[in-house]
Structure formats: C-alpha cells, structure tokens
Protein chains: 2
Amino acid sequence: MYLKDLDEDTVVELIARTLIFKPGLGEYLFYPEDARDILPRAPRILFSIDAYSVSSLKLPWRSYSDVGWASITGAISDIIAKGGIPHACMIALGLQPTLREEELEELLRGFREAADHYGVRIIGGDTNTASDSWIAISIIGFTTARIPPSRSGLKPGDYVIVTGVYGAMGYVAVKGIEEASHLDWVVKYTKRPQTRVELAYVIENNYKYISATMDVSDGLSYTLYTMSRLSGHGIVLESPPLVYSELYEYCKGDESCLVEYSTQGGEEYGVVIGVKSEYLRLVEKDLEYFNIPYRVVGRVTSQQGLFFRGKELSVYRYDQLRGWYKLRAS
Amino acid sequence: MYLKDLDEDTVVELIARTLIFKPGLGEYLFYPEDARDILPRAPRILFSIDAYSVSSLKLPWRSYSDVGWASITGAISDIIAKGGIPHACMIALGLQPTLREEELEELLRGFREAADHYGVRIIGGDTNTASDSWIAISIIGFTTARIPPSRSGLKPGDYVIVTGVYGAMGYVAVKGIEEASHLDWVVKYTKRPQTRVELAYVIENNYKYISATMDVSDGLSYTLYTMSRLSGHGIVLESPPLVYSELYEYCKGDESCLVEYSTQGGEEYGVVIGVKSEYLRLVEKDLEYFNIPYRVVGRVTSQQGLFFRGKELSVYRYDQLRGWYKLRAS
C-alpha cells in the first residue's frame with residue numbers, strides 16, 4: 001500500500017496511534033486537538049524548530065526508523081546545548097504519496113524510539129503531502145539557568161570542552177558515502193546519531209561558569225569557527241576531541257589525520273562548551289558524574305581564528321543549498 | 001536571482017534580518033542561536049505546529065506575501081481556539097531552488113505583516129531546500145484558563161456560537177477556483193484570511209461557561225460535524241452563520257443557499273464555541289465588547305448528527321491526500 005491509496009484520516013490516525021503521548025498531570029488537551037497544553041516545569045522555556053528533507057537524512061545504510069531517530073536527536077540537541085531539558089515536541093510531516101505504508105510506520109517507530117530513549121513527549125503534529133518527504137520538529141524544553149549560554153561568550157583564557165566521540169561522519173564527509181558504506185564502524189556509528197540529555201543538567205547547573213555553548217550539528221570545525229567568530233576571539237586547538245578507536249587505528253595515531261577526520265562531519269550531537277578557566281574542574285566533575293564522554297581540546301585566545309599546531313585549521317560545513325564545501329582554507 | 005544562485009548563509013541572513021524579533025525583557029538568546037528562551041506569561045502553555053505546501057495556499061490571486069500571511073493566521077488560530085494568546089513562533093521553510101529572491105522576500109514580508117498585526121513574535125526558524133516549497137510554523141501561546149476547552153465537551157442544550165463571516169471560501173469550494181477568480185468579493189475576502197486574537201481572551205475568561213471549541217480551518221460543516229461526533233451528541237442548526245453581504249445577494253436571501261456556501265470552505269479562522277445555556281449572555285457580552293462578529297447558529301441535541309430544518313446537513317472537508325470531498329451526504 002502506498003500513502004496515495006489511503007485517505008488523510010487513515011494516515012493521521014496511524015500517526016496519532018503510534019506517536020502521540022497522553023496529557024501529563026494537570027494537562028487536558030489530547031489528540032485530535034490541534035494545540036496541546038503544557039504546564040511549565042522550570043522558570044524559563046526553551047523553544048526551537050528543526051527541519052530536514054528525508055532524503056538528506058537517508059544515508060543508504062539508514063532505515064526509515066533511523067531517519068526518524070536522527071531527526072529527533074538533531075532537534076533536541078539545540079535545546080540541550082542551551083541547558084534545556086527537552087520536554088515535548090510537535091512533528092509536522094510532508095509525505096510523498098509514493099511512500100509505502102510500511103516506510104511511514106518505520107519512520108514513526110524511529111520517532112517513538114528516540115522519544116522514549118530521550119524522555120521527550122511527542123504531543124502532536126500536522127500532516128501534508130509533499131513531492132519529497134520532509135520533517136519539521138519543534139521542541140519545548142525548560143531550564144533553570146537564569147542566563148542560558150549563547151554561542152558568542154568565549155573570552156581569552158577560557159577552556160574549550162568538546163563532548164561526544166568523533167570521526168565517523170568525518171569519514172563520510174572526507175571519503176564520500178560510497179566508500180564510507182564499506183566500513184562497518186562508520187555505518188554503525190552514523191546509523192543513529194546520539195546526544196545526551198544529562199548534558200543539559202551540566203549546562204544549566206554550571207551556567208555561571210560556562211561562557212558559551214553550541215552543538216556540533218554542522219561539523220566540529222564549523223562549530224568552533226562560528227563560536228570564535230561570534231565571540232570575536234580565536235581558539236587554539238591543543239588536542240583532537242575523543243575519536244572512535246577505529247579512526248585512531250585508521251590514522252595510525254597521526255594527530256593531523258585525527259584532527260582532519262574529527263573536525264569535518266556533521267550530525268554529531270556533542271556540544272562545544274567554553275568554560276571560565278578557574279571553574280574547569282567543576283564542569284569536568286559534572287560531566288564525569290553523568291558519564292558524558294568529553295575532552296578539553298584547547299583554549300580561547302585573543303588572536304582571531306582557529307589554530308592547531310601554529311597553523312589555521314580548515315573549516316568545512318554542510319550547506320543546504322550547495323552541499324559540503326570548504327568555508328575557509330587552511 | 002534564484003535561490004539556487006545564493007548560498008545558504010545569504011538566504012538565512014535575509015530571512016533573519018526580515019523576520020526575527022529581538023529578545024524580550026529578561027530573555028537572552030537571539031539569532032543566530034538555534035533555540036530561543038522565553039519567560040512564561042501565564043500559568044499554562046499552549047503549543048502547536050501547522051504546516052502547508054506553498055502551492056496549496058497559493059490561490060491564483062494570492063501573492064507570496066498573502067501566502068505568508070495566511071500561514072501565520074492558520075497557525076495562531078489553533079492556539080486562539082483553545083483560549084491561548086499566541087506569543088511567539090518558529091518558522092521552518094523548505095524552499096525550492098527555483099524560487100526567486102523577490103518571491104522569498106514577499107513571503108517573508110507576509111509573515112512579518114501578520115506577526116505585527118497579531119502581535120506574535122517570530123523568534124527563529126530553520127531553512128531547507130525542497131522540490132516544492134513548504135512552510136511549518138510552530139506556536140507557543142499562554143492561557144490563564146485552568147481547563148482549556150476541548151472539541152468534545154458539547155452537551156445537549158448548549159448553544160452553538162460561530163464567530164467570523166462566511167461564504168467566500170465556500171464559493172471557491174463549490175464553484176472552483178477558476179469561476180471564483182472572476183468575483184471581486186471572493187478574491188478580496190480570501191486573499192488574506194483573518195482571525196481575532198481577542199477571541200482568546202473571551203475563551204480563557206469564560207472557560208467555565210464554554211463546553212467546547214474548535215476553529216474552522218477545514219470548513220464549517222466539518223468543524224460542526226467533528227465537534228458533534230467527538231462529543232457524542234448532535235447539533236441542530238437554526239440559522240446560517242454571518243455571511244458576506246455579497247453572498248446574501250447572490251443567494252437572494254435563500255436560506256439553504258446561504259447554508260450551503262457558508263458551511264463549505266476552509267481557511268476561515270472563526271471558532272465554533274459551545275456555551276452552557278445559562279451563560280450565553282455572558283459570552284455574547286464579551287464577544288460584543290471586543291467587536292468580534294458572531295452568530296448563535298443553533299443548539300446541541302442528544303440525537304447524533306448535524307441537522308438543518310429537519311434534514312441532515314452534508315459534510316465536506318479538504319483532504320490533504322485526496323482534495324475536496326464529501327464526507328457525509330445529506
């Protein structure tokens with residue numbers, strides 16, 4: 001069965017049955033209402049929207065459920081990076097009439113698995129036809145941080161922490177999808193990108209000691225470059241971030257190889273955190289408490305730019321309109 | 001210039017410059033942050049998402065700015081119908097590379113004009129490429145209502161109020177776009193659909209007296225039918241809703257003609273309100289205070305169905321996957 005053989009109500013019912021979470025205590029509105037009511041869980045709301053074309057998320061080794069998972073992960077990452085606990089989301093879908101009913105079910109299963117894993121409630125959505133399927137996810141989170149960290153607060157002397165493990169999407173970016181598809185470890189680590197909700201606790205609890213944050217959705221070099229540019233300072237990288245052991249073997253431990261593969265990429269939902277130097281240990285302790293993989297990769301410097309071993313680092317990013325390109329040559 | 005000739009940053013900068021509202025008092029995050037922080041303005045949050053393909057909104061007589069306007073109006077309507085004051089929104093866009101830069105600017109102007117008109121802040125978004133342009137708008141509103149009205153609370157004896165003025169989109173639905181395009185009044189009243197934010201005050205202030213609400217986004221007959229079905233009761237229509245004087249002339253005052261054209265349609269962002277019979281005057285007084293056009297169109301009955309002058313009314317709706325169709329024949 002293709003979606004074009006079904007009517008809208010049948011499709012919407014399928015989506016609602018699979019996805020929609022019930023109202024919490026003290027909440028009333030429920031499917032098929034268009035709007036839902038939520039009680040605030042902390043003094044400050046965080047709000048974001050993230051959208052994707054399904055084809056851009058659908059690496060050949062990803063199933064539709066992986067696509068659903070990846071899109072939820074990417075959407076909540078924006079909230080987590082600002083110290084917000086993602087609480088509820090709304091999902092709008094544009095669906096091709098040529099999509100199979102099983103493919104839609106797979107996609108929904110991926111949304112649901114991610115929502116259960118991260119503890120985010122999917123509370124509503126909207127369905128449309130589209131010539132190429134797309135997904136838009138809007139998230140509400142809550143934070144106790146009196147001042148959520150921006151991207152632009154880095155000050156000279158701050159430490160730069162990078163959470164997460166890198167190198168798999170970098171391999172895809174450098175070598176291309178075809179070559180990457182032959183490596184089991186690249187496939188394994190890029191199938192379902194991960195983030196950690198606990199990171200939001202670390203950021204909200206330490207907001208006074210954290211000068212800036214940004215998630216790594218468009219590649220680590222782009223994130224570091226953007227934070228340094230917006231802050232008006234530079235970053236000196238002293239070490240690559242944590243990488244998969246398979247990348248380490250592939251690079252034979254060569255540092256510039258490790259830096260190349262770990263700073264390109266995308267969809268790696270770690271967070272770059274600038275920390276005031278005197279509070280580094282406090283933040284590290286909290287990261288360790290929650291078992292969040294991280295490395296202190298360098299420090300902020302007054303000289304603008306992004307440096308590694310005395311040279312400027314190349315900056316890459318993924319451009320929705322033009323694909324992967326080099327933003328600044330080294 | 002087409003969008004395909006521009007890079008993502010240029011397009012995003014254009015969108016941000018045109019659309020993005022600054023943080024309010026006590027708020028911090030601002031463009032280019034992915035997430036924004038909001039302080040709650042009432043004890044209960046209302047949250048929704050609404051999405052559209054641009055082509056489905058683009059009646060031949062609508063400019064791109066009208067499309068932007070219509071999409072904001074539709075999105076906030078869901079919040080208003082539940083007694084929420086729409087406060088802030090995020091807009092995700094899928095843009096065809098073949099869209100002209102001027103067309104994008106028009107669309108953005110329409111968003112901005114609607115946001116200014118309704119007092120809603122556009123605080124962020126996301127941009128993607130798409131083979132057919134689409135828009136997804138997520139809204140946060142706030143309500144003082146302890147229990148926001150659902151669609152399903154109608155009880156026998158309740159009065160049924162319909163706000164708004166009808167007949168223009170009904171003419172489009174009945175006669176088709178081509179014939180409708182020759183009538184000045186149809187073009188005028190469907191170019192920029194309207195809703196009224198003040199309606200949210202009436203609903204939140206009177207939530208104890210209101211048994212059910214739903215907006216008229218998919219046509220009045222569909223709204224009445226859905227509310228009666230979900231409530232497990234029927235509605236006896238005693239009068240058509242308010243209609244444009246031009247429709248009245250066209251129908252030569254014939255009641256069944258008026259009912260036909262006013263109950264078909266869509267994108268008519270009035271609200272159907274069920275009111276406990278003893279409190280009708282209180283709700284009417286508030287509607288009059290805010291100058292909101294309305295009519296008491298009938299009452300709720302224990303017999304299931306939707307009736308007018310002793311006969312069951314035909315129910316029409318717009319189906320995203322199949323177009324306009326008759327849901328229940330009379």
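Note: the structure precedes this text.
Residues numbered from 1 in each chain as written. Chains lettered and ligands numbered in written order. Predicted model: local features only at pLDDT ≥ 70, side-chain atom pairs only at ≥ 80, totals over all residues. Heavy atoms only, no water.

## Points about the sheet that holds strand β4 (residues 121-129) of chain B
At step 1: The mixed open sheet is built from five strands, whose spatial order is β1(A)-β2(B)-β5(B)-β3(B)-β4(B). Looking at strand neighbours, the two that pair on one side only are β1 (35-38) of chain A together with β4 of chain B, the edges of this open sheet. Neighbour-to-neighbour, the strand axes of this sheet turn through a mean angle of 20°, independent of strand direction.
At step 2: Two strands pair when backbone bridges link them, and strand β3 (residues 85-95) of chain B and β4(B) are joined in this way by eight bridges, in the parallel orientation. In the sheet register, L95(B) faces β4(B), and the bridge partner there is T129(B).
At step 3: Its contacts with the sheet put helix α1 (residues 8-19) of chain B on β3 and β4 of chain B, and the angle it makes with β4(B) is roughly 160°.
At step 4: Packing of helix α3 (residues 64-81) of chain B onto the sheet brings it into contact with β1 of chain A together with β2 (44-53), β3, β4 and β5 (134-143) of chain B, and relative to β2(B) it is tilted by some 145°. (Pairing = 2+ DSSP bridges. Helix = DSSP H or I, 4+ residues; strand = E, 2+ residues; numbered from the N terminus. Axes fitted to C-alpha atoms, helices over the stretch in contact; angles between N-to-C directions. Contact = heavy atoms within 4.5 Å.)

## A look at the relation of the copies chain A and chain B
At step 1: The operation relating chain A to chain B is a screw motion whose rotation component is 180°, with 0.0 Å of axial translation and a residual RMSD of 0.0 Å. Viewed as a symmetry operation, the transformation between the two copies matches a two-fold axis.
At step 2: Same-surface contact between copies: 100% of interface residues of chain A are shared with the interface of chain B. (Least-squares fit on C-alpha atoms with pLDDT ≥ 70 in both.)

## Observations concerning the interface of chain A and chain B
Many analyses report the size of an interface as the accessible area lost when the parts associate.
At step 1: With 68 residues of chain A in contact, the opposing surface of chain B contributes 68 residues.
At step 2: Both sides together, the interface formed by chain A and chain B hides about 5500 Å², and carbon and sulfur atoms give 58% of it.
At step 3: Between chain A and chain B we count eight salt bridges in total.
At step 4: R151(A) serves as the salt-bridge partner of E33(B), at 3.8 Å between the closest nitrogen and oxygen.
At step 5: For the pair chain A and chain B, the number of links is 24 residue pairs in polar contact (both at pLDDT 80 or more).
At step 6: The element contributing the most residues to the side of chain A that touches chain B is strand β2 (residues 44-53) of chain A, with 10 residues.
At step 7: Residues of the side of chain A that touches chain B, tallied by class, amount to 37 nonpolar, 11 polar and 20 charged. (Buried area = accessible area lost by both parts, 1.4 Å probe. Salt bridge = Lys/Arg side-chain N within 4 Å of Asp/Glu carboxyl O. Polar contact = N/O pair within 3.5 Å; in protein donor to acceptor, adjacent residues only side chain to side chain. Nonpolar A, V, L, I, M, F, W, Y, C, P; charged D, E, K, R; others polar.)

## Side note on helix α3 (residues 64-80) of chain A
At step 1: An ideal rise of 1.5 Å per residue puts 24 Å on 17 residues; α3(A) measures up with 24 Å between its terminal C-alpha atoms.
At step 2: For α3(A), the buried fraction is high: 17 of the 17 residues fall into the buried class. (Expected span 1.5 Å × (residues − 1). Buried < 20%, exposed > 50% of the residue type's maximum accessible area, 1.4 Å probe, protein only.)

## Overview of the side chain of S133(A)
All names here are of chain A.
At step 1: The residue S133 is located in the loop between β4 (121-129) and β5 (134-143) in this model.
At step 2: Note on S133: relative accessible area 4%, which makes it buried.
At step 3: A polar contact of 3.0 Å, which involves the side chain of S133, links it to the backbone nitrogen of Q96.
At step 4: With residues near it in sequence (within four places) discarded, S133 still touches S53, V54, G94, L95, Q96 and L99.

## Focus: the state of the cysteines
Residues and elements named next belong to chain A.
At step 1: This structure, assessed with the given rule, holds two disulfides over all chains.
At step 2: Here C251 is linked by a disulfide to C257, with a sulfur-sulfur distance of 1.9 Å. Disulfide C251 to C257: torsion about the S-S bond roughly -70°, handedness left-handed. Both residues of the pair, C251 and C257, belong to the buried class. (Disulfide = S-S within 2.5 Å.)

## Observations concerning the nonpolar core
At step 1: Counting residues in hydrophobic clusters, the biggest one holds 143 residues, and the most contacted among them are F111(A) and F111(B).
At step 2: With nine residues, the top contributor of residues to this core is α3(B).
At step 3: If we ignore the near neighbours within four places in the chain, the residues touching F111(A) are L19(A), G68(A), W69(A), S71(A), I72(A), I91(A), L93(A), I122(A), I135(A) and I137(A). (Core = buried A, V, L, I, M, F, W, Y, C linked by side-chain atoms within 4.5 Å.)

## Describing the packing of aromatic side chains
Residue and element names in this part refer to chain A.
At step 1: Counted according to the given criterion, the structure contains 20 aromatic pairs over all chains.
At step 2: Taking the centre distance of 6.0 Å and the plane angle of 65° together, the rings of Y171 and W185 count as edge-to-face. Of this pair, Y171 sits in helix α5 (residues 168-175) while W185 sits in helix α7 (residues 184-191), and the two are 14 residues apart along the sequence. Taken individually, Y171 and W185 each receive the classification buried, so the pair is uniform in this respect.
At step 3: Residues Y171 and Y261 carry aromatic rings whose centres are separated by 5.8 Å and whose planes lie at 25° to one another, so their mutual orientation is stacked. (Phe/Tyr/Trp six-rings, centres within 6.5 Å; stacked < 30°, edge-to-face > 60°.)

## Quick word on the sheet that holds strand β1 (residues 35-38) of chain B
Pairing between the strands of a sheet comes from backbone hydrogen bonds, and it takes one of two forms, parallel or antiparallel.
At step 1: With mixed pairing, five strands are arranged side by side in an open sheet as β4(A)-β3(A)-β5(A)-β2(A)-β1(B). The outermost strands of the open sheet, each flanked by one partner alone, are β4 of chain A together with β1 of chain B. Pairs of neighbouring strands in the sheet enclose a mean axial angle of 20°, with direction left out of account.
At step 2: In terms of strand pairing, β2(A) meets β5(A) through 10 bridges, oriented antiparallel. Bridge assignment links D50(A) to a residue of β5(A), and that residue is I137(A).
At step 3: Running at roughly 160° to β4(A), helix α1 (residues 8-19) of chain A makes contact with β3 (85-95) and β4 of chain A of the sheet.

## Re the environment of D132(A)
At step 1: On the secondary structure map, D132(A) appears in the loop between β4 and β5.
At step 2: Assessed through its relative accessible area of 38%, D132(A) is described here as partly exposed.
At step 3: Sequence spacing of D132(A) and T98(A) is 34 residues, and the spatial spacing of their C-alpha atoms is 9.5 Å.
At step 4: Excluding anything up to four places from it in sequence, D132(A) contacts Q96(A) and S131(B).
At step 5: A polar contact of 2.7 Å, which involves the side chain of D132(A), links it to the side chain of S131(B).

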